[in-house]
Amino acid sequence: EEETQGLTGWRRIAKLLIRVGQLNKAEELCLTLLRQTSDQHDQAYYHNDMGRIKDQQGDYEEAIRHYERALAVNE
């Protein structure tokens, strides 16, 4: 509950999936949400989550790419 405080809907589900180690499901959800949203704030959020997922999967180069995309959107 603490980790998802303030989050709603799909954001909360993605965060919970990452937290419990369901990385493939979290990745599928985040990629779907990235394709469906045009909101820049949401895009940055999902790219950041994808960075966390890829980091935990050991794909550090892809994690960096997603973190950089999140940073670029936020700038």
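Residues numbered from 1 in each chain as written. Predicted model: local features only at pLDDT ≥ 70, side-chain atom pairs only at ≥ 80, totals over all residues. Heavy atoms only, no water.

J.: Would you mind showing me how to read the side chain of His 47 here?
T.: Note that His 47 resides in helix H3 (residues 40-57). Setting aside residues no more than four positions away along its own chain, His 47 makes contact with Leu 34, His 66, Tyr 67, Arg 69 and Ala 70. (Helix = DSSP H or I, 4+ residues; strand = E, 2+ residues; numbered from the N terminus. Contact = heavy atoms within 4.5 Å.)

J.: Help me understand the packing of helix H2 (residues 23-36) against H3, please; the structure alone is not making it clear to me.
T.: To describe two helices that pack against each other, one gives the angle between their axes and the distance between the axes. Contact geometry for H2 and H3: axes closest at 10 Å, N-to-C directions at 155°. Of the possible angle classes, the one that applies to H2 and H3 is roughly antiparallel. With respect to the hand of their crossing, H2 and H3 are arranged in left-handed fashion. Mapping the contact onto sequence places Leu 23, Asn 24, Ala 26, Glu 27, Cys 30, Leu 31, Leu 33 and Leu 34 in H2 and Gln 43, Tyr 46, His 47, Asp 49, Met 50, Ile 53, Lys 54, Gln 56 and Gln 57 in H3. Looking at the contact of H2 with H3 residue by residue, the classes come out as 9 nonpolar, 5 polar and 3 charged. (Axes fitted to C-alpha atoms, helices over the stretch in contact; angles between N-to-C directions. Parallel < 35°, antiparallel > 145°, perpendicular 65-115°, else oblique. Left-handed = near helix turned anticlockwise from the far one by under 90°. Nonpolar A, V, L, I, M, F, W, Y, C, P; charged D, E, K, R; others polar.)

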